[in-house]
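Residues per chain, in single letters:
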Amino acid sequence: MSIAVSEKAASQVQKLMEQEKLPSASSGLRVAVKGGGCSGFSYSLSLAEAPTEKDQVFESGGVRVFVDPKSYLYLSGMTLDFQDGLMGKGFVFNNPNATKTCGCGSSFGV
């Protein structure tokens, strides 16, 4: 299984990469899971110039996604979306592996 990026999220990531002047051929979005948060794990997003040797690399919506092997165990099959509405704007994680989530949307448990 891979990690998907919606059109809205891909557009937002591409804007951020342009602002940071990252080389588009090798750079991408690093998605990771860290211990902590109100539900046990929290998501982490950052821009990266290139993947590490151990990263799994996916391409979705014109965006390269880098995931370390440990995080991939929790993120396999996830879709990253972006919402811009009355309740605020930001990235949304649609993770089929999460059995519980926090109200903030950036924390989950398995």
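Note: the structure precedes this text.
Bear in mind the structure is a predicted one, so any value in this text is a computation, not a measurement. (Residues numbered from 1 in each chain as written. Predicted model: local features only at pLDDT ≥ 70, side-chain atom pairs only at ≥ 80, totals over all residues. Heavy atoms only, no water.)

This part takes up unusual backbone geometry. Backbone geometry places Lys21, a non-glycine residue, at a positive phi of 55°. Within the fold, Lys21 resides in the loop between helix 1 (7-19) and strand 2 (28-35). The class of Lys21 is exposed, set by a relative accessible area of 72%. (Helix = DSSP H or I, 4+ residues; strand = E, 2+ residues; numbered from the N terminus. Buried < 20%, exposed > 50% of the residue type's maximum accessible area, 1.4 Å probe, protein only.)

To continue, consider the pattern of salt bridges. The final tally for this structure, using the stated rule, is 1 salt bridge. For Arg30, the salt bridge goes to Asp55, with nearest N and O atoms at 2.6 Å. Here Asp55 lies in the loop between strand 3 (41-48) and strand 4 (56-60) and Arg30 lies in strand 2, a separation of 25 residues in the sequence. Relative accessible area serves as the criterion here: at 18%, Arg30 is assigned to the buried category. Given the relative accessible area of 11%, Asp55 is considered buried. (Salt bridge = Lys/Arg side-chain N within 4 Å of Asp/Glu carboxyl O.)

On to the nonpolar core. Counting 21 residues, the largest nonpolar core has Ile3, Val31, Val65, Val67, Leu75 and Met78 as the members making the most contacts within it. Among the secondary structure elements, those contributing two or more residues to this core are helix 1, strand 2, strand 5 (63-67), helix 2 (69-75) and strand 6 (79-85). Ignoring any residue separated from it by four or fewer positions in sequence, one finds Leu75 in contact with Ile3, Val31, Ala32, Val33, Tyr43, Val67, Asn95 and Asn97. (Core = buried A, V, L, I, M, F, W, Y, C linked by side-chain atoms within 4.5 Å. Contact = heavy atoms within 4.5 Å.)

Function cannot be read off these values alone, since they describe shape.
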